[in-house]
Amino acid sequence: MFDAENRETLLDVNNIEVIYNHVILVLKGVSLTVPKGGITALLGGNGAGKTTTLKAISNLLASERGEVTKGSITYQGQNITAQDPASLVRRGVIQVMEGRHCFEHLTVEENLLTGAYTRRDGSAAIKRDLEMVYDYFPRLRERRKSQAGYTSGGEQQMTAMGRALMSRPQMILLDEPSMGLAPQLVEQIFQIVKAVNEGEGVTFLLAEQNTNVALRYAHQGYILENGRVVMEGPAAQLRENPDVKEFYLGMSDEGRKSFREVRSYRRRKRWLA
Ligand SMILES: Nc1ncnc2c1ncn2[C@@H]1O[C@H](COP(=O)(O)OP(=O)(O)OP(=O)(O)O)[C@@H](O)[C@H]1O
Ligand SMILES: [Mg+2]
């Protein structure tokens, strides 16, 4: 059983604020800790700030005219708030972006190999890891010679994840892996996340709108609303929380709520935040 309390903290996000275009305040003091070797889910609806949080960690905000204006981010005890993405990859932190982003004109295998570009440990080791990726994603082995642009959404998601694995990461920031995929495929993707987590010891911080599936595979979760963490805890506890059940899992003891009741929840949730 994974016990977050007794794990070393790998990543510590401390009270960060993010502003886009100098004026749009999007994250309003977000704090979270990611224990080493665990799967942490970052949950919340459209525009809650999940992607912004991941990009703040991997330092990808500059290209979006975004900036961390307050707070700090430490990785293995060292401040990484201003570290560029390439050196973060060398330190073992890699992001898989929302919407996959494969190189469409390259084959699946060529895509995977681009993930190894920062490595200096030779082609034999890289070849071994390619086999490791194919063992986790048998579908990619079958499709390795196909041009990535012609593979399915699920295969592209797998290619993007496999490419991240080729950098031999310690931690993967995974943005919305379920997006646009059929339920069965979503399940398959999360099973692979779990297998990689257990088999390779890779730590995951994953952003998901799909609360249901994420809380079944994660060890702990944070729920973001409007740029703030409104709830956090072990995944099993969040799954049983009545507010989470009602507003994120779409079920409640009294059945579905009417829209007016949802509105009164919106008033109520202000003090939750
Ligand atoms: N480059 C940008 N410039 C200005 N505002 C932005 C930019 N990117 C995101 N935002 C705003 O920041 C807020 C948070 O967006 P973010 O993409 O982090 O949310 P999210 O939780 O990932 O949502 P989704 O589940 O839809 O991916 C939104 O209100 C969004 O409109
Ligand atoms: Mg997002």
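In this text the structure is predicted, and so the values were computed from the model without any measurement. (Residues numbered from 1 in each chain as written. Chains lettered and ligands numbered in written order. Predicted model: local features only at pLDDT ≥ 70, side-chain atom pairs only at ≥ 80, totals over all residues. Heavy atoms only, no water.)

### Description of unusual backbone geometry
Okay, step 1: In this model, Arg168 sits at a positive phi of 55 degrees, which is unusual for a non-glycine residue.
Okay, step 2: With respect to the helices and strands, the residue Arg168 is situated in the loop between helix H6 (153-165) and strand E7 (171-175).
Okay, step 3: With relative accessibility at 44%, the residue Arg168 sits in the partly exposed group. (Helix = DSSP H or I, 4+ residues; strand = E, 2+ residues; numbered from the N terminus. Buried < 20%, exposed > 50% of the residue type's maximum accessible area, 1.4 Å probe, protein only.)

### Looking at the coordination of the magnesium ion (ligand 2)
Okay, step 1: At this site the magnesium ion (ligand 2) is bound by Thr51 (OG1) and Glu98 (OE), with donor distances of 1.9 to 2.5 Å. With Thr51 in helix H1 (residues 50-57) and Glu98 in the loop between strand E6 (93-96) and helix H3 (108-114), this residue pair connects regions lying 47 residues apart in the sequence. (Donors = N, O, S within 2.8 Å, 3.2 Å for Na, K, Ca; no water.)

### A short note on the nonpolar core
Okay, step 1: Within the largest apolar cluster, 48 residues are counted, with the highest numbers of intra-cluster contacts made by Phe137 and Ile172.
Okay, step 2: Every residue in contact with Ile172, bar those within four places of it in the chain, is listed here: Ile94, Val96, Ala164, Leu165, Val202, Thr203, Phe204 and Leu205.
Okay, step 3: Listed in part, the 29 residues of the second largest apolar core include Val13, Ile16, Leu27 and Leu88. (Core = buried A, V, L, I, M, F, W, Y, C linked by side-chain atoms within 4.5 Å. Contact = heavy atoms within 4.5 Å.)

### Focus: helix H7 (residues 183-200)
Okay, step 1: Taking 1.5 Å of rise per residue, 18 residues should cover 26 Å, and H7 covers 25 Å from first to last C-alpha, within 8% of that figure.
Okay, step 2: Listing the buried residues of H7 in full gives Val186, Ile189, Phe190, Ile192, Val193, Val196 and Asn197. End-on view of H7: buried residues confined to an arc of 150 degrees, all on one side of the axis. When the buried face of H7 is taken as reference, the exposed residues oriented beyond 90 degrees from it are Pro183, Gln184 and Glu198.
Okay, step 3: The inward-facing, buried residues of H7 contact strand E3 (39-43), helix H4 (123-136), H6, E7, strand E8 (203-208) and helix H8 (211-217).
Okay, step 4: Just downstream of H7, Gly201 is the residue with a positive phi angle, here 70 degrees. (Expected span 1.5 Å × (residues − 1). Arc of directions from axis to C-beta.)

### Concerning the site of ligand 1
Okay, step 1: Near ligand 1 lie 16 residues; those nearest to it are Asn46, Lys50, Thr51, Thr52 and Gln209.
Okay, step 2: Contacts to ligand 1 include Gly49, whose backbone N or O atom sits 2.9 Å from an oxygen atom.
Okay, step 3: In this structure, an oxygen atom belonging to ligand 1 sits 2.7 Å away from a side-chain N or O atom of Thr51.
Okay, step 4: In the complex, 69% of the free accessible area of ligand 1, which totals 630 Å², lies under the protein chains.
Okay, step 5: For the shell around ligand 1, the secondary structure elements donating two or more residues are strand E2 (24-35) and H1.
Okay, step 6: Sort the elements by how many residues they give to the shell around ligand 1 and H1 lands first, with three residues.
Okay, step 7: Considering only residue class, the shell around ligand 1 consists of four nonpolar, eight polar and four charged. (Near = heavy atom within 4 Å. Polar contact = N/O pair within 3.5 Å; in protein donor to acceptor, adjacent residues only side chain to side chain. Areas by Shrake-Rupley, 256 points an atom, 1.4 Å probe, with all protein chains shown as cover. Nonpolar A, V, L, I, M, F, W, Y, C, P; charged D, E, K, R; others polar.)

### Examining the pairing of E2
Okay, step 1: Bridge count between strand E1 (residues 9-20) and E2: nine bridges; the pairing is antiparallel. For Val13, the partnering residue across the bridge sits in E2 and is Leu32.
Okay, step 2: Where E1 hands over to E2, the hairpin turn is made up of three residues, of which Asn21 adopts a positive phi near 50 degrees. (Pairing = 2+ DSSP bridges.)

### Focus: empty space enclosed by the protein
Rolled over the atoms, a probe as big as a water molecule pinpoints where empty space is left.
Okay, step 1: All told, the structure shown has one cavity of 30 Å³ or more when counted by the stated rule.
Okay, step 2: Of the pockets and cavities examined, the largest cavity occupies roughly 50 Å³.
Okay, step 3: Around the largest cavity, the lining residues are Phe137, Met161, Leu165, Ile172, Leu174, Ile192, Val193, Val196 and Phe204.
Okay, step 4: Those elements that provide at least two residues to the lining of the largest cavity are H6, E7 and H7.
Okay, step 5: Counting residues per element, the lining of the largest cavity draws most heavily on H7, which supplies three residues.
Okay, step 6: In the lining of the largest cavity, the residues fall into nine nonpolar, no polar and no charged. (1 Å grid on protein atoms, 1.4 Å probe; cavity = no way out; pocket = protein on both sides within 12 Å on 5 of 7 lines; lining within 4 Å. Points joined across faces, edges and corners; volume = space filled by probe spheres on them.)

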